[in-house]
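One letter stands for each residue in the lines below.
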Amino acid sequence: MNEYVRNPRYCLQCDDGTILEYGAKDVHDSIHGEAFTVRAVKGWHCPKCGEIEFVDGDAERYSDALEAASEAYEKRRATEIKAIRKKLGLTQAEAGKLFGGGATAFSEYEHCKTEPHKSTVLLLRVLGRHPELLSELVEEPHPA
Ligand SMILES: [Zn+2]
């Protein structure tokens with residue numbers, strides 16, 4: 001009788017008696033839609049929810065992969081923001097004035113120094129698909 005059978009470990013996330021499986025498994029995950037795989041992650045794996053109790057320092061390998069995927073996402077977002085801003089024909093200062101955040105906001109977004117607000121990203125994406133709508137934003141407001 002091996003240790004696994006003698007001392008089963010239960011998933012604390014599922015909390016329903018699901019028994020963790022010990023082994024080295026490839027783990028597929030994603031952050032902000034950026035998929036990544038960590039090969040042969042050693043630990044106790046939940047077959048139901050994917051929770052892992054890491055062993056042999058594999059938590060660090062996993063968190064490194066997570067961080068790399070997160071950085072890849074930030075770079076992709078920065079590239080996207082810059083491309084849309086240029087498509088709209090705006091300088092960084094003009095974009096900062098129009099969308100808020102000040103003259104340096106877009107420089108910071110485009111160099112991954114500051115995270116843009118989600119609403120800014122969503123509005124930029126809409127304008128990227130419908131650049132003709134930009135004129136409605138830049139027109140002076142009319143008195144009611
Ligand atoms: Zn679980």
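## Description of the sheet that holds strand E1 (residues 21-31)
- Pairing within the open sheet is antiparallel, and its three strands lie in the order E1-E2-E3. Each edge of the open sheet is held by one strand with a lone partner, namely E1 and strand E3 (52-54). Pairwise comparison of adjacent strand axes, ignoring direction, gives a mean angle of 45° for this sheet.
- Pairing analysis gives ten bridges linking E1 to strand E2 (residues 34-45), with the strands arranged antiparallel.

## Side note on unusual backbone geometry
- The phi angle at Asp-15 is positive, at roughly 55°, despite the residue not being glycine.
- Here Asp-15 is to be found in the loop between helix H1 (3-6) and E1.
- Take Asp-15: there are 9 C-beta atoms within 10 Å of it, and that puts it in the exposed class.
- For Cys-112, which is not glycine, the phi dihedral falls at a positive 55°.
- Tracing the backbone shows Cys-112 in the loop between helix H4 (105-110) and helix H5 (118-129).

## Structural notes on the environment of Glu-110
- Mapped onto the fold, Glu-110 is located in helix H4.
- Owing to 20 C-beta atoms within 10 Å, Glu-110 belongs among the buried residues under this scheme.
- Spatially, the C-alpha atoms of Glu-110 and Glu-60 are 29 Å apart, while their sequence positions differ by 50 residues.
- Dropping the residues within four chain positions of it, Glu-110 is found in contact with Ala-78, Ile-81 and Lys-82.

## Overview of the packing of helix H2 (residues 58-87) against H5
- Contact geometry of H2 with H5 gives a least axis separation of 10 Å together with a crossing angle of 50°. As the angle between them shows, H2 and H5 are arranged oblique. Taken as a pair, H2 and H5 cross one another with a handedness that is left-handed. Across the interface between the two elements, Arg-77, Ile-81, Ile-84 and Lys-87 of H2 pack against Val-121, Leu-124, Leu-127 and Gly-128 of H5.
- For the contact of H2 with H5, the class distribution of residues is five nonpolar, one polar and two charged.

## With respect to the environment of Ala-105
- By the secondary structure assignment, Ala-105 is in helix H4.
- Note on Ala-105: 20 C-beta atoms within 10 Å, which makes it buried.
- Spatially, the C-alpha atom of Ala-105 lies 7.6 Å from that of Gln-92, the residues being 13 residues apart in sequence.

## Concerning the nonpolar core
- Ile-81, Ile-84, Ala-95, Phe-99, Ala-105, Phe-106, Tyr-109, Leu-124 and Leu-127 together form the largest nonpolar core, which totals nine residues.
- If you list the elements that add at least two residues to this core, you get H2, helix H3 (92-99), H4 and H5.
- For this core, the leading source of residues is H4, giving three residues.

## Considering the pairing of E2
- In terms of strand pairing, E2 meets E3 through three bridges, oriented antiparallel. Its bridge partner being in E3, Gly-43 is matched across the sheet by Phe-54.
- Between E2 and E3, which follow one another and run antiparallel, lie six residues, and Gly-50 among them has a positive phi close to 85°.

So, how was this worked out
- Residues numbered from 1 in each chain as written.
- Predicted model: local features only at pLDDT ≥ 70, side-chain atom pairs only at ≥ 80, totals over all residues.
- Pairing = 2+ DSSP bridges.
- Helix = DSSP H or I, 4+ residues; strand = E, 2+ residues; numbered from the N terminus.
- Axes fitted to C-alpha atoms, helices over the stretch in contact; angles between N-to-C directions.
- Buried ≥ 20, exposed ≤ 12 C-beta atoms within 10 Å, placed from the backbone.
- Contact = placed C-beta atoms within 7 Å.
- Parallel < 35°, antiparallel > 145°, perpendicular 65-115°, else oblique.
- Left-handed = near helix turned anticlockwise from the far one by under 90°.
- Nonpolar A, V, L, I, M, F, W, Y, C, P; charged D, E, K, R; others polar.
- Core = buried A, V, L, I, M, F, W, Y, C linked by C-beta atoms within 7 Å.

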